[in-house]
Number of protein chains: 2
Amino acid sequence: MTTRVLVVDDDAHILRAIRIHLTACGYAVRTAQTGRAALRAGAEEHPDLVLLDLGLPDLDGTAVITELRSWSTVPIIVLSARTDGADKINALDTGADDYLTKPFSMPELLARMRAAVRRSGSPTDRDTVVATLDFSIDLAAKKVTNRTGTQVHLTPTEWAILEILVRDRGALVSQRRLLSEIWGPAYRTETNYLRVYLAQLRRKLEPEPARPRYLITESGMGYRFQD
Amino acid sequence: MTTRVLVVDDDAHILRAIRIHLTACGYAVRTAQTGRAALRAGAEEHPDLVLLDLGLPDLDGTAVITELRSWSTVPIIVLSARTDGADKINALDTGADDYLTKPFSMPELLARMRAAVRRSGSPTDRDTVVATLDFSIDLAAKKVTNRTGTQVHLTPTEWAILEILVRDRGALVSQRRLLSEIWGPAYRTETNYLRVYLAQLRRKLEPEPARPRYLITESGMGYRFQD
DNA sequence: ATGACTCGTTATGAAGGCGTCAAGATCGGT
DNA sequence: ACCGATCTTGACGCCTTCATAACGAGTCAT
């Protein structure tokens, strides 16, 4: 679930510096040095975010924005050495989401990237539906639908547990984390609660509650949601 | 369809200057000089955009952002005299969409406002008419029609609740969000109100008010409009 | 085999949430 | 000032949900 960033700049040094920083912060980085390469990479890889320098050798920066915007709503943050106000306004009105003037501070860029990704993530509601063979879970609508199409009713606690497990689907979630997040840190040792609620969830979701396919127990460690 | 902007700043001069500029550009401007007034105005008027100064007399600016973000996704642009990088990052991570340092150029602010509104605008509006087997709701005309074709009369509060539920039809809407959007953040815990009005809506809309088909209660979490 | 341990399952009293009704309070128009 | 519509507020009984305990099954080391 890493965020994929397309970085476009004609200066190989800057490109390298940004790549190192972003990779260290957990982003998957793809780079392009020309406008055409940027458009190709955008179409091929559908990045979650674009960092765009306006001073490209082949195409005007605003042309890249226009072209991208003709088919995509991916957030675009412009990085530019031009301090001219008209450039800023032009880029923003063409479809850019944000505009930073070089030199900028790396922490600020990272904060603006987080803000841009956060914005683009929620309203579109794409990744919020997790479907299996037997049921599907809509995290945004807080809705679980059966294979027959009927809705499954979950209590607040059941939903809280399922939500954590599904958000980190595939990964092992420790009992401690579940208990701390739902009941509070003081209940870290009440593993009893988890057994009760996991049983209820299995009865409601699993085709064969006695032999769980999705809500897996890792004995002594925690639980895992498996697709 | 003019864009309504809430401008928050403790300095009356700046407030006045911004108001004049924005009004001249076709925005509908509402102002607030304190954090509390801002939160009240936000809940009452549902602005399309918030311009927020961080240096308020009563509340910390980030507290205002947090409170707004607990129930609203309205774009927030922070205007601040603080040039400190940490403030910027903090505000952005709390939920702000953009951050401008004073003094800023008016054209740039306007361009960033256009970008923020553009982003937030379109993805939410779906069909304005929602029809079920028993009634149909016209969100644009604010009208509800019975199966027999007669119009159902709703009070303003009833309509406000129904509108929120129908706009996010299928999704669970938390009690907190309903109360914050309609009565204001201070009424977050008055779940009593919701019970009364949901009962009234059911009596007017449901074929069998005792056994709701459309206005579903999710105990402990919120309400859902089901098609 | 025994005991220690973890897990799944079920049952139950208590607490809190919910629907309902009805009586004041408030507001707006005549 | 009056009246109707609307909103607030409190009280009551029902129902859902929660915490908790008890018990059986499986696993592992001794």
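Scroll up a little and you will see the structure.
None of these values were measured; they are calculated from a predicted model.

### Points about the overall build of chain A
Within chain A one finds eight helices and 12 strands. The buried share among the 227 residues of chain A stands at 43%. Looking at chain A alone, contacts between residues at least 24 apart form 52% of all its contacts between residues at least 6 apart. Here chain A has roughly 11300 Å² of accessible surface; of this, 51% comes from carbon and sulfur atoms.

### Quick word on the protein's contact with DNA strand D
In the vicinity of DNA strand D lie 18 residues, with A:His153, A:Thr157, A:Tyr193, B:Thr157 and B:Tyr193 positioned nearest. Within the side chain of A:His153, one N or O atom sits 2.6 Å away from a phosphate oxygen of DNA strand D. Contacts to DNA strand D include A:Tyr197, whose side-chain N or O atom sits 3.4 Å from a sugar or linking oxygen. Mapped onto the surface near DNA strand D, the elements with two or more residues apiece are helix H6 (156–167) and helix H8 (191–205) of chain A together with helix H6 (156–167) and helix H8 (191–205) of chain B. The dominant element in the surface near DNA strand D, judged by the number of residues it contributes, is H8(B), at four residues.

### Quick look at the protein's contact with DNA strand C
In the neighbourhood of DNA strand C, 21 residues make up the surrounding shell, with A:Thr217, A:Gly220, B:Arg202, B:Thr217 and B:Gly220 lying closest. Within the side chain of A:Gln175, an N or O atom sits 3.4 Å from a phosphate oxygen of DNA strand C. B:Tyr223 has a polar side-chain atom sitting 3.1 Å from a phosphate oxygen of DNA strand C. Contributing elements (two or more residues each) for the surface near DNA strand C: H8 of chain A together with H8 of chain B. Split into classes, the residues belonging to the surface near DNA strand C amount to nine nonpolar, eight polar and four charged.

### Here we look at the interface of chain B and chain A
Taken together, the contacts link 27 residues of chain B with 26 residues of chain A. For the pair chain B and chain A, the two sides together bury roughly 2300 Å², of which 47% comes from carbon and sulfur. The partner of A:Arg119 in a salt bridge is B:Asp97, and the shortest N-O contact between them spans 3.3 Å. Contributing elements (two or more residues each) for the side of chain B that touches chain A: helix H4 (85–94), strand S5 (98–101) and helix H5 (106–121) of chain B. Among the elements that take part in the side of chain B that touches chain A, H5(B) stands out by supplying eight residues, more than any other. For the side of chain B that touches chain A, the per-class residue count stands at 11 nonpolar, five polar and 11 charged.

### Brief notes about the packing of aromatic side chains
Any aromatic ring pair is given by two values, namely how distant the centres are and how the planes are angled relative to each other. All names here are of chain A. Going through the model one piece at a time under the given rule, you end up with 12 aromatic pairs over all chains. Between Tyr214 and Phe225, the aromatic rings sit 6.3 Å apart at their centres with planes inclined by 20°, giving stacked as the arrangement. Remark: Phe225 occurs in strand S12 (residues 222–225) and Tyr214 occurs in the loop between H8 and strand S11 (215–218); sequence separation between them is 11 residues. Residue class for Tyr214 comes out buried when judged on its relative accessible area of 1%. Given a relative accessible area of 0%, Phe225 falls into the buried group. A network of ring pairs unites the aromatic residues Trp183, Tyr187, Tyr193 and Tyr197 as a single cluster.

### Considering the sheet that holds strand S4 (residues 76–80) of chain A
Residue and element names in this part refer to chain A. One open sheet holds the five strands; their spatial order is S2-S1-S3-S4-S5, and the pairing between them is parallel. Across the chains shown, the open sheet's two edge strands, defined by having one partner strand only, are strand S2 (28–32) and strand S5 (98–101). Neighbour-to-neighbour, the strand axes of this sheet turn through a mean angle of 20°, independent of strand direction. Across four bridges, the pairing between strand S3 (residues 49–53) and S4 is parallel. The partner of Leu52 across the bridge, within S4, is Val78. Seen against the sheet, helix H1 (residues 12–24) touches strand S1 (4–8), S2, S3 and S4 and runs at an angle of roughly 165° to S2.

What counts and how
Residues numbered from 1 in each chain as written. Chains lettered and ligands numbered in written order. Predicted model: local features only at pLDDT ≥ 70, side-chain atom pairs only at ≥ 80, totals over all residues. Heavy atoms only, no water. Helix = DSSP H or I, 4+ residues; strand = E, 2+ residues; numbered from the N terminus. Buried < 20%, exposed > 50% of the residue type's maximum accessible area, 1.4 Å probe, protein only. Contact = heavy atoms within 4.5 Å. Areas by Shrake-Rupley, 256 points an atom, 1.4 Å probe, with all protein chains shown as cover. Near = heavy atom within 4 Å. Polar contact = N/O pair within 3.5 Å; in protein donor to acceptor, adjacent residues only side chain to side chain. Nonpolar A, V, L, I, M, F, W, Y, C, P; charged D, E, K, R; others polar. Buried area = accessible area lost by both parts, 1.4 Å probe. Salt bridge = Lys/Arg side-chain N within 4 Å of Asp/Glu carboxyl O. Phe/Tyr/Trp six-rings, centres within 6.5 Å; stacked < 30°, edge-to-face > 60°. Pairing = 2+ DSSP bridges. Axes fitted to C-alpha atoms, helices over the stretch in contact; angles between N-to-C directions.

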